[in-house]
Amino acid sequence: MGEILLFLRRNTLALVGLIILLVLVGIISVGPWLTQYSPTKLDILHKLAAPSLEHWLGTDAFGRDVLTRIMYGGRATLAIGLGVVAIAFAVGVSVGMLAGFAGGWVDALVMRVVDAILAFPALVLAIALAAAFGPSLQNAMLAVAITLAPQFARVARSQALSISVKPYVEAAVSLGLPAHRILIFYVFVNGLGPLLVQSTLALGSAILQTASLGFLGLGAQPPLPEWGADVSANLQYVRSAAWVALAPGMAILLAVLSFNLIGDSLADWFNPRRRSEID
Amino acid sequence: MASFLIRRLIALIPVMLIVLVIVFSLVRIIPGDPATTLLGPGATQQQIEALRTQLNLNEPVVLQFYHYVMGLLTGNFGYSLKTGQPVAVEILNRLPATIELSVLATILAIVVGIPIGVLSATRPNSLFDHLTRVISLLGVSMPAFLLALVLQLVFANYLGWLPVSGRLSPYLQIQSVTGFVILDGLLTGNLPGAVDALQHLLLPTAVLAAFLAATLGRFVRNTMLDVMGEDFIRTAKAKGLRRRDVVLTHGLRNSLLPAVTVIGLKFAEMLGGAILTETIFAWPGIGRYMFEAIKNRDYPVIQGTTLVFALLFVLTSILVDVLYSILDPRVRRKMG
C-alpha cells in the first residue's frame, strides 16, 4: 500500500488517470440507478433533442437519452476490456511461460505461431476473424483477444527464460519439485510485474479495438448499448446533432486515456533506468 | 548484404506458411457449410455445388490448402462473390490510394514526431516535456474514428476549408498514369487537379498520422534521454562542441536507429487504422474495400485483403532490417 501511495505521489499523470477511471467507474456503476430513462426504450417524439436539463447529453435518433446509453454502454465496454485482457492474459501467459520454461521444439513452435499472428496488423486480423466468426459481441472479444495474446506470450516467455536460470529455480528443480509447481509458484509469481504493466496497457488497446469492431458493425449488435457501436449508429446525424456520436466517442477516449496514463507511468516505474530520472 | 537478405527471406518461410494457414482458415471457420453461407439463403443447390467445386471444398483439407497456395503463387486470389471480379485485380486497382495515404501519413508523422521528441529530450521534465507527454498519450488513446469525425466537423462542415470525403472532386478528372492521383496530376500538367487531390488527402492523412506521430515523439524522447547519458556524449561535451552539435550529430543520430524499427512496425499498425480512416473519408483504398467486403460477407475479398495487409507488413519489416544495416555499420558487419 505504501508503495502504491509513493507511486501515485511521484506520478501526477498516473493519479490523473486513476481519478478519471474512478469517476468513470462511479458513473457507470451508480448512474443507471439514478437515471429515469431506459437505454433501449424508444421515444420518437423527443428524437435528436439538444442537450438540456432533462437530457444532459441530448437524445439520439430514437429519442433515447444519450447519457443513459453511455452509462449502460460503459458497463459493456469496460466488461469487454477486462474480459478480452483476461482471455489474452490466460492464453498468452500460459503458452509463453511454457515455451520459455520448456525450450527446444515447444519454444520454436510456439514462437513461430506468435510471429505469424504478429505478422498481421492487429486490427486487420481482429476484423477478419470477427467477420469469419460472425458479427456478435462475444466473437469480437474473442477476435481481439487472439490478436493481443501474442504480446503476453512474448513478455511471459522472456520472463520465463530469465527466471528459469535463477538459483532459486535451480534449487527447486534439484529438490525434485514437479515442473508445474515450479512453473506456477516460482516462475510465474516472480515474473508477474511486467505482465501486469502489459495488462494495463492492453486494457486500453482492447477497449479501442473492440470499439473499432463495434464501429465497423462487427461487435455489439443493436439495440445493446456499446460505445463504439453507438458512435457508428449515429454517424449520419453527426452534422446536425454532433452530440449523439461525439459523446460516446469521448467516453471511449477518456476510458482508454485513463488506462494509458496509468500504464505508461507504471512502465516507467518498473524500468530502473527511467525510475532514477523520475526520482 | 545479399546473403543477409536471403537468410532473412528463408527465415520468413515458416512464418508465412502459418500466415497462409490462418488466412486459408478464415473461410473454413465460418459456422456451417462455407458454400451455403457464402451464397446466402437464396442460392440454388446447383450454385452451391458450383461454388464447392470452385473452392475445392469437396477435396481433403490438405489438398484444398495446396490448391489455395498454388493459386496465390499464380496471382489467383479468388473471385469476389458480389461482383465476380478477380480479387487480385480489384486490390491492385485500390493499392495506390492506400499507399499514397499511408506513405504521406508516415512522412507527416516523422516530420512532426521526431522534432517533438528531440525538444522534449533536451528539456526533460520541463513544461514542454509534460505537455507533449499528455498530448502524445491523448494521441494514442484517441479512437481514429473520433478524431476523423472531429476534424470533419471542424474543417469541412464548420470552416468549410477542406472537402469532407473522397479522393477527388467529381467535376475534376485526372488521367491515370501511375495510379497516385497527386503525382498523376503533376505529371499530366493538371495543376488544379493535383491541388484538389492534395486537399482531399489532408484530413485522412492527419488522422492516420496522429497515432504514429504521438508514438514516435514519445519513443524518440526516451531513447534520446538514454543516449544523452552515454559516455561519448560526455566526451563530445568535454571536447567543447557546441550544444547543438552534441544534440543533433551525436545524440539524434544514435537515437534515430531504434526509431526506424518503430516507424516500420507502426506503419503496419497504421495500415490497420487505414480501414477505419478510409471508411470514414470514403477513400477508395483497400481498407474501404475490406470494409465493404465485410458488409457484403464477401469472404474471398476479406481473405485477399487480409493477406495483402500481412504481406505489406512483412515486406515493411524486411525493408526496416535492410535500412537498419545500411544505417548502422556494426549491424551490417554482424549480419555478413
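Reading the values: the criteria
- Residues numbered from 1 in each chain as written.
- Chains lettered and ligands numbered in written order.
- Predicted model: local features only at pLDDT ≥ 70, side-chain atom pairs only at ≥ 80, totals over all residues.
- UniProt positions renumbered as here; feature names shortened; annotations may be inferred.
- Helix = DSSP H or I, 4+ residues; strand = E, 2+ residues; numbered from the N terminus.
- Contact = placed C-beta atoms within 7 Å.
- Buried ≥ 20, exposed ≤ 12 C-beta atoms within 10 Å, placed from the backbone.
- Axes fitted to C-alpha atoms, helices over the stretch in contact; angles between N-to-C directions.
- Parallel < 35°, antiparallel > 145°, perpendicular 65-115°, else oblique.
- Left-handed = near helix turned anticlockwise from the far one by under 90°.
- Nonpolar A, V, L, I, M, F, W, Y, C, P; charged D, E, K, R; others polar.
- Expected span 1.5 Å × (residues − 1).
- Bend = angle between axes of the 7 residues up to and from the residue.
- Domains from an automatic or database assignment.
- pLDDT = per-residue confidence, 0-100.
- Core = buried A, V, L, I, M, F, W, Y, C linked by C-beta atoms within 7 Å.

An unreviewed UniProt entry annotates chain B as Peptide/nickel transport system permease protein originating from Rhizobium aquaticum.

Chain A is annotated in an unreviewed UniProt entry as Peptide/nickel transport system permease protein from Rhizobium aquaticum. You can read under Sequence similarities (unreviewed entry) in the UniProt record for chain A the words "Belongs to the binding-protein-dependent transport system permease family." Under the UniProt heading Subcellular location (unreviewed entry), the entry covering chain A gives this text: "Cell membrane".

### Overview of the overall build of chain A
Summing up its helical and strand segments, chain A has twelve helices and zero strands in all. Contacts in chain A between residues far apart in sequence, at least 24 positions, make up 68% of those at least 6 positions apart.

### Things to note about the overall build of chain B
Counting its regular elements, chain B contains 14 helices and zero strands. Put simply, chain B runs from its N terminus to its C terminus through helices and strands in the order α-α-α-α-α-α-α-α-α-α-α-α-α-α. Here chain B holds 336 residues, and the buried ones make up 40% of them. Restricting the contact set of chain B to residue pairs at least 6 apart, pairs at least 24 apart contribute 66%.

### Section: the packing of helix α12 (residues 286-295) of chain B against helix α13 (residues 299-327) of chain B
All names here are of chain B. In contact at an axis separation of 9 Å, α12 and α13 are set at 150° when each is read in the N-to-C sense. Relative to α13, α12 is oriented roughly antiparallel. In the packing of α12 onto α13, the handedness of the crossing is left-handed. Across from Ile286, Tyr289, Met290, Ala293 and Ile294 in α12, the residues of α13 making contact are Val301, Ile302, Thr305 and Val308.

### Considerations on the interface of chain A and chain B
Between chain A and chain B, the contact holds 39 residues from the first and 38 residues from the second. For the side of chain A that touches chain B, the elements supplying multiple residues, two or more each, are α4 (104-118), α5 (122-133), α9 (192-215), α11 (243-270) and α12 (272-278) of chain A. A per-element tally of the side of chain A that touches chain B places α11(A) first, with ten residues.

### Quick notes on the packing of helix α7 (residues 167-174) of chain A against helix α8 (residues 179-190) of chain A
All names here are of chain A. Contact geometry for α7 and α8: axes closest at 10 Å, N-to-C directions at 160°. Viewed along their axes, α7 and α8 adopt a mutual orientation that is roughly antiparallel. Handedness of the α7/α8 crossing: right-handed. Residues Tyr168, Val169, Ala172 and Val173 of α7 lie in contact with α8, whose contacting residues are Ile182, Tyr186 and Val187. Residues belonging to the contact of α7 with α8 are distributed by class as follows: seven nonpolar, no polar and no charged.

### Some thoughts on the environment of Val155(A)
Residue and element names in this part refer to chain A. Among the secondary structure elements, valine 155 is positioned in helix α6 (residues 137-163). Owing to 20 C-beta atoms within 10 Å, valine 155 belongs among the buried residues under this scheme. Placed 59 residues apart in sequence, valine 155 and glycine 96 show a C-alpha to C-alpha distance of 7.5 Å. Aside from chain neighbours lying at most four places away, what touches valine 155 is Gly96, Pro194, Leu195 and Gln198.

### Observations concerning the UniProt feature "transmembrane region" (unreviewed entry) in chain B
Residue and element names in this part refer to chain B. Feature annotation in UniProt assigns "transmembrane region" (unreviewed entry) to the following positions: residues 9-30, 101-122, 134-159, 201-220 and 307-327. For the annotated span residues 9-30, helix accounts for 91% and strand for 0% of the residues, and the straight-line distance between the end C-alpha atoms is 32 Å. Across residues 101-122, the secondary structure splits into 100% helix and 0% strand, with the terminal C-alpha atoms separated by 32 Å.

### Focus: helix α11 (residues 243-280) of chain B
Residues and elements named next belong to chain B. The first and last C-alpha atoms of α11 sit only 46 Å apart over 38 residues, clearly below the 56 Å expected at 1.5 Å per residue. Of all the bends in α11, the largest measures some 40° and sits at leucine 252. Of the residues one or two after α11, alanine 282 is the one with positive phi, at around 45°.

### Quick word on the UniProt feature "domain: ABC transmembrane type-1" (unreviewed entry) in chain A
In the numbering used here, UniProt assigns the feature "domain: ABC transmembrane type-1" (unreviewed entry) to residues 74-263 of chain A. Segment residues 74-263 of chain A splits into 82% helix and 0% strand. End C-alpha atoms: 20 Å apart.

### A closer look at the domain arrangement of chain B
Residues and elements named next belong to chain B. Under the domain assignment used here, chain B contains domain 1 (2-73) and domain 2 (92-335). In this structure, domain 1 and domain 2 have C-alpha centres spaced 32 Å apart. Considering each element in turn, the side of domain 1 that touches domain 2 owes the most residues, eight residues, to helix α1 (residues 2-28). Its residues assigned to classes, the side of domain 1 that touches domain 2 shows eight nonpolar, no polar and one charged.

### Digging into the UniProt feature "transmembrane region" (unreviewed entry) in chain A
Cross-referencing UniProt, the feature "transmembrane region" (unreviewed entry) maps to residues 12-34, 78-101, 113-133 and 241-262 of chain A in the present numbering. Span residues 12-34 of chain A is 100% helix and 0% strand, its end C-alpha atoms 32 Å apart.

### Here we look at the confidence of the model for chain A
On average, residues of chain A score 82 in pLDDT, and 95% of them are at 70 or above. Counted against residues more than four places away or in other chains, residues 275-279 of chain A, with its pLDDT under 50, gives six contacts.

### Observations concerning unusual backbone geometry
In this model, Ala282(B) sits at a positive phi of 45°, which is unusual for a non-glycine residue. Here Ala282(B) lies in the loop between α11 and α12.

### Details of the nonpolar core
By size, the foremost hydrophobic cluster in this structure holds 170 residues, and its most contacted members are Ala126(A), Ile127(A) and Val144(A). Among the elements that take part in this core, helix α9 (residues 191-228) of chain B stands out by supplying 20 residues, more than any other. Counting contributing residues, this core receives three or more from each of domain 1 (2-73) and domain 2 (92-335) of chain B.

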